[in-house]
There are 2 protein chains.
Amino acid sequence: MRASQFFLSTLKEAPSDAEVISHKLMMRAGLIKRLAGGIYTWMPLGLRALRKVEAIVREEMNRAGAIEVLMPAVQPAELWQESGRWDFYGPELLRFKDRHDRDFVVGPTHEEVITDVVRRDLRSYRQLPKHFYQVQTKFRDEIRPRFGVMRGREFVMKDGYSFHSSFEDLQREYRNMYDTYHRIFNRLGLKFRAVAADTGSIGGTGSHEFHVIAETGEDDIAYCPDSDYAANVELAEALAPAAPRPAASAALTKVHTPGVKTIDELAAFLKLPATATVKAIVVDGDEAAGNKPVLLLLRGDHELNEVKAQKVAGVKNPLTFAAPADILAAFGANAGSLGPVGFAGRVVMDRTVAAMADFVTGANEDDHHYTGVNIGRDFPEAEVADLRNVVAGDPSPDGKGTLEICRGIEVGHIFQLRTKYAEALNCKFLNEQGKEQIMEMGCYGIGVSRILGAAIEQNNDARGIIWPDAMAPFQVAIVPMGYAKSEAVRTAADALYAELQAAGIDAFLDDRDERPGSLLADNELIGTPHRVVIGDRGLKEGVVEYQGRRDAEATKLAVADVAATVIAKLKG
Amino acid sequence: MRASQFFLSTLKEAPSDAEVISHKLMMRAGLIKRLAGGIYTWMPLGLRALRKVEAIVREEMNRAGAIEVLMPAVQPAELWQESGRWDFYGPELLRFKDRHDRDFVVGPTHEEVITDVVRRDLRSYRQLPKHFYQVQTKFRDEIRPRFGVMRGREFVMKDGYSFHSSFEDLQREYRNMYDTYHRIFNRLGLKFRAVAADTGSIGGTGSHEFHVIAETGEDDIAYCPDSDYAANVELAEALAPAAPRPAASAALTKVHTPGVKTIDELAAFLKLPATATVKAIVVDGDEAAGNKPVLLLLRGDHELNEVKAQKVAGVKNPLTFAAPADILAAFGANAGSLGPVGFAGRVVMDRTVAAMADFVTGANEDDHHYTGVNIGRDFPEAEVADLRNVVAGDPSPDGKGTLEICRGIEVGHIFQLRTKYAEALNCKFLNEQGKEQIMEMGCYGIGVSRILGAAIEQNNDARGIIWPDAMAPFQVAIVPMGYAKSEAVRTAADALYAELQAAGIDAFLDDRDERPGSLLADNELIGTPHRVVIGDRGLKEGVVEYQGRRDAEATKLAVADVAATVIAKLKG
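Position numbers for residues start from 1 in each chain and track the written sequence from start to end. A letter from A marks each chain and a number from 1 marks each ligand, given out in the order of writing. Local features are withheld for residues below a pLDDT of 70 in this predicted model, meaning they are given only at 70 or higher, and side-chain atom pairs are given and counted only at 80 or more; totals for whole chains, interfaces and linings count all residues. The basis for every side-chain value is the complete set of heavy atoms in the structure, and neither hydrogens nor water enter the calculation.

**Some thoughts on the nonpolar core**
We define a nonpolar core as any set of buried Ala, Val, Leu, Ile, Met, Phe, Trp, Tyr and Cys residues linked to one another through side-chain atoms lying within 4.5 Å. Here the term buried applies to any residue with accessible area under 20% of the maximum for its type, exposed to any over 50%, and partly exposed to those in between, with areas from a 1.4 Å probe on protein chains only. Core analysis: the biggest nonpolar cluster contains 204 residues, and A:Tyr181, A:Phe185, A:Trp467, B:Tyr181 and B:Phe185 have the highest contact counts within it. The residues touching B:Tyr181, leaving out its near neighbours within four places in the chain, are B:Met61, B:Lys158, B:Phe210, B:Gly412, B:His413, B:Ile414, B:Tyr444, B:Gly445 and B:Ile446. Residues count as neighbours in contact if any of their non-hydrogen atoms are within 4.5 Å of one another.

Listed below in structure tokens is the structure:
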């Protein structure tokens with residue numbers, strides 16, 4: 001593509017509502033234009049990248065045996081009433097009445113529609129399994145759309161739905177999609193992790209999220225660099241320390257700690273590391289446990305994991321922290337000075353605490369702590385549970401190394417829905433015995449438009465976007481210095497452009513009559529991964545300058561070699 | 001694609017709500033599934049055809065220099081208020097409020113959105129012209145959706161919008177699109193006509209519709225088989241007869257015609273052809289003409305064209321037919337017995353009437369007519385105008401032959417919008433003199449999903465669809481008789497499939513374990529243009545059977561030749 005026949009529209013400044021770097025760069029590079037909050041027009045440059053992502057997604061879905069369909073955006077309310085989501089879904093579901101006063105939704109997801117197709121068209125186990133997918137524009141009325149295409153209201157998704165005659169077959173397809181998603185994100189050139197995830201509101205059991213690793217991600221992920229283990233921090237198991245609990249060596253000593261409320265203050269006051277302290281968190285017990293408070297103990301530097309605490313038998317559901325008055329009544333002291341010593345109620349220790357000795361806790365007396373606290377000696381052995389978030393350096397639950405923590409942006413999600421929707425919508429087949437049976441179902445989503453934002457969050461520098469080769473709007477930028485003025489430059493640029501095009505490479509010939517500095521800056525901003533600068537001075541020596549978008553410096557290449565070199569880099 | 005890895009779902013009967021053949025066949029062949037009135041899921045087979053049409057549209061739009069974008073379906077009301085269409089558009093515009101109670105529409109068209117992008121991004125004449133297009137899903141809340149995808153509520157359109165610094169440049173691009181649309185519909189293998197059209201509600205001046213010719217079309221089109229002239233019947237000019245008016249030869253004679261009201265009754269009663277009669281139609285004159293009735297004269301077999309009659313000076317706007325009481329007062333007789341003889345008011349004759357002699361008209365006396373009526377002798381020479389619809393056999397207005405009448409399905413439309421939207425939305429540029437100027441604008445639509453219905457209306461038979469090669473979901477059907485049972489058949493079928501695939505041909509290998517009759521019927525129904533049947537009997541002689549979907553009989557081809565023959569047919 002020649003710039004003169006294209007439409008570039010770069011900006012010096014990002015608009016003030018752009019908070020994250022990908023949103024800023026997408027606006028500055030002119031990939032998208034804002035139409036309304038969370039609603040964007042895909043401009044020619046952005047659309048090229050979007051289409052490349054779509055094409056890779058389609059190729060791999062087809063290769064995996066899924067069959068493409070295209071379902072309507074507008075869906076009748078009846079199906080949502082049948083599945084129960086009409087009442088369950090919140091205001092992010094856009095509802096409207098048509099001119100005949102019938103209720104419709106603009107679909108944020110298509111479980112109901114595809115299940116309706118399948119229940120009418122598939123009758124026999126011989127027709128199963130089937131996996132249908134689509135690449136389609138969806139609408140979700142986010143209360144606070146932001147981050148550009150990463151949390152927009154109108155967005156492009158790949159959503160696939162598979163139907164099976166048995167749970168075993170669903171698991172086979174789930175694994176197939178797990179592998180397919182790896183192929184897709186690898187081909188896109190993204191650093192990512194498949195993460196064991198909670199199933200969220202979409203329902204069902206068994207799911208993985210696929211996260212693009214980026215410092216600016218919204219989710220904390222624990223992963224093992226030495227294996228493929230990864231999980232949301234909320235879900236990652238914190239193993240018990242390998243070393244057994246040391247023997248007690250210090251005497252229990254009450255210390256006056258005036259005004260000391262937090263672990264940081266305590267550690268500073270006692271000149272001890274936070275790892276030598278234990279914090280006490282009081283939550284309400286459930287009715288069966290007489291509504292009595294439960295004392296949870298965590299090492300001072302650890303964070304309570306509420307999902308895990310919730311799962312402790314006898315703890316009130318949903319988890320609630322004990323009211324100050326209840327704490328005072330139960331412990332005789334206020335939060336900040338609590339501990340297990342002398343407490344007659346129920347105590348649950350985190351696994352790490354269970355392996356500690358000679359630690360510090362509150363003394364159940366305001367402004368006092370104990371040092372030299374030891375389990376079994378100073379308070380009874382208590383229940384042990386995994387109560388905390390994992391931290392970097394924790395052993396990986398798969399036993400293959402230690403965990404790291406990173407942040408991720410969710411770009412894919414696979415679920416074993418099982419029979420949730422099939423049951424609600426009465427989606428049955430005749431099994432080999434001729435009996436009616438509810439289908440097993442999986443669903444598999446990729447946030448196609450979101451991938452572009454995530455890719456930029458992961459790949460950018462002060463000068464702009466750095467596209468991975470596979471999704472770059474253009475693979476190579478040819479930047480002539482003086483295309484209009486120098487015939488030699490023009491001839492060399494046109495020849496290289498023709499050669500790259502003939503090799504099937506998406507080249508961008510920037511033939512605009514702009515200042516050299518502006519041409520170079522624009523081409524860096526829009527992130528084309530390979531660049532060839534052609535100038536009169538170099539041509540006199542028979543060379544042009546090649547620079548990869550991540551390279552610190554340009555390399556001189558003989559005019560005769562440049563096409564082959566660039567082609568080798570892209571196809572190699 | 002192998003049938004076993006695909007999803008075919010053919011029906012014996014079309015659903016009862018399918019009125020036209022394309023809708024019936026699309027449902028029976030399983031191209032689409034109904035979700036709600038006018039809202040369909042594109043099933044795998046239908047989506048393949050849709051994608052092929054989209055691809056050809058994109059290739060030709062890109063070749064013509066248009067640049068692809070993707071605009072949002074959801075649009076803020078403000079833009080529609082600014083253009084004035086918020087009030088102007090009827091209930092087919094789907095409006096809704098988002099969760100913050102702001103007004104939005106689901107866009108049936110995108111003039112406002114693209115003009116908003118352009119007014120913010122394009123400032124100089126140097127950036128013009130620009131033509132942006134998209135292939136996008138639209139929603140129009142039709143009061144009575146019908147004919148399947150031909151008049152659906154959710155549908156896929158290609159809509160393009162061009163911006164220019166002068167009317168001349170708009171005209172150049174309009175011609176470019178006129179030619180591009182010809183290339184597109186030719187490549188799709190459709191019989192079509194570009195038709196000079198009224199501009200309809202989208203506004204502006206100068207437009208052509210592109211109609212696929214089909215007996216079942218909703219529009220009447222007059223065209224000249226010997227030139228590229230074509231127009232909606234309402235707009236085609238009826239030329240004056242070439243031959244001059246003959247001299248009067250019959251005497252004016254009053255005839256008693258009891259109970260004769262219509263031209264058919266009159267012609268039967270007098271044993272004369274309708275072409276020898278003249279009918280009298282009385283319309284209201286406008287205020288400037290004193291509201292007096294105007295008598296329009298047409299040859300008995302011709303139809304009044306109300307658009308043309310409307311344009312006669314002095315005729316009331318909009319056209320209204322005179323009330324019975326006013327007719328009686330002015331003529332002394334009732335409709336069915338009216339004529340110009342003795343009428344003192346204004347008379348306008350159609351061009352054909354002006355060249356007639358010795359004709360029959362009403363006598364302005366109930367149940368009486370005159371025969372032998374002659375202009376100038378029996379009533380004064382009157383004004384002459386083009387008042388009628390053209391009929392088959394009329395001379396073509398371009399002077400290149402005679403007109404034929406056919407029916408068409410509108411699948412494309414190009415408009416010169418001029419400054420209608422640019423003015424309303426204040427879309428300006430700086431011209432060469434550095435002065436602000438409103439842009440000139442064109443818009444160009446193709447009903448992408450409608451094309452499939454139109455193609456089937458044009459190409460079908462009792463056995464099903466007959467796809468043009470270019471948009472067929474599969475180009476070649478390989479139908480083995482006994483794929484599961486015969487190793488020879490399986491081997492030959494697999495080999496042919498591999499050979500066609502290697503040649504880049506979309507082959508469909510129907511490896512389903514069904515009865516031969518059912519396999520053959522399905523493959524005819526779904527309309528694959530080329531079919532190769534492979535059976536044990538033929539293989540023993542070294543032959544397979546080739547049959548084009550329109551061929552009356554199959555042809556035996558040597559196994560060794562079949563791939564090359566099919567490839568030649570498709571690529572030839």
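**Section: the side chain of B:Ser22**
Residue and element names in this part refer to chain B. Summarising the element assignment, Ser-22 is placed in helix 1 (residues 21-28). Looking at Ser-22, the relative accessible area reads 0%, which means it is buried. In terms of polar contacts, Ser-22 uses its side chain to reach the side chain of Glu-457, at 2.7 Å. Discounting residues that sit within four places of it in the chain, Ser-22 has contacts with Met-150, Gly-453, Ile-456 and Glu-457. Only DSSP runs of H or I with at least four residues qualify as helices, and only runs of E with at least two residues qualify as strands; both kinds are numbered from the N terminus onward. Here a polar contact means two N or O atoms within 3.5 Å. Within protein one must be a hydrogen donor candidate and the other an acceptor candidate, and residues neighboring in sequence count only if both atoms are side-chain atoms.

**Structural notes on the pattern of salt bridges**
Salt bridge criterion: a side-chain nitrogen from Lys or Arg within 4 Å of a carboxyl oxygen from Asp or Glu. According to the stated counting rule, one finds 100 salt bridges over all chains in the structure shown. Between B:Asp511 and B:Arg2 there is a salt bridge, with its nearest N and O atoms 3.8 Å apart. Taken together, the residues span a long stretch of sequence, with B:Asp511 in the loop between strand 27 (507-509) and helix 14 (516-525) and B:Arg2 in the segment before helix 1 at a distance of 509 residues. The same class applies to B:Asp511 and to B:Arg2, which are both buried. B:Asp98 is the salt-bridge partner of B:Arg102, the closest N and O atoms lying 4.0 Å from each other. Judged by relative accessible area, which is 5%, B:Asp98 ranks as buried. Taken together, the salt bridges that share partners define one network made up of A:Arg51, A:Glu54, A:Arg58, A:Glu68, B:Arg51, B:Glu54, B:Arg58 and B:Glu68.

**Structural notes on the domain arrangement of chain A**
Domain start and stop positions are those given by an automatic or database domain assignment. Taken domain by domain, chain A consists of domain 1 (3-208 + 408-456), domain 2 (253-385) and domain 3 (474-571). Spacing between the C-alpha centres of domain 1 of chain A and domain 2 of chain A amounts to 44 Å.

**Observations concerning the interface of chain B and chain A**
The interface is formed by 52 residues belonging to chain B together with 52 residues belonging to chain A. Interface area for chain B against chain A, summed over the two sides, is near 4,400 Å², with a carbon-plus-sulfur share of 63%. Put simply, B:Asp121 and A:Lys33 hold a salt bridge, and the shortest N to O gap is 2.7 Å. Taken together, the links from chain B to chain A amount to 20 residue pairs in polar contact (both at pLDDT 80 or more). If you list the elements that add at least two residues to the side of chain B that touches chain A, you get strand 1 (32-36), strand 2 (39-42), helix 2 (44-63), strand 3 (67-68), strand 4 (74-76), strand 5 (94-97), helix 5 (111-121) and strand 7 (130-139) of chain B. Under this grouping Gly is polar, as are all residues other than the nonpolar Ala, Val, Leu, Ile, Met, Phe, Trp, Tyr, Cys and Pro and the charged Asp, Glu, Lys and Arg. In terms of residue class, the side of chain B that touches chain A is built from 30 nonpolar, five polar and 17 charged. Using a 1.4 Å probe, buried area is obtained as the accessible area two parts lose upon being combined, added over both of them.

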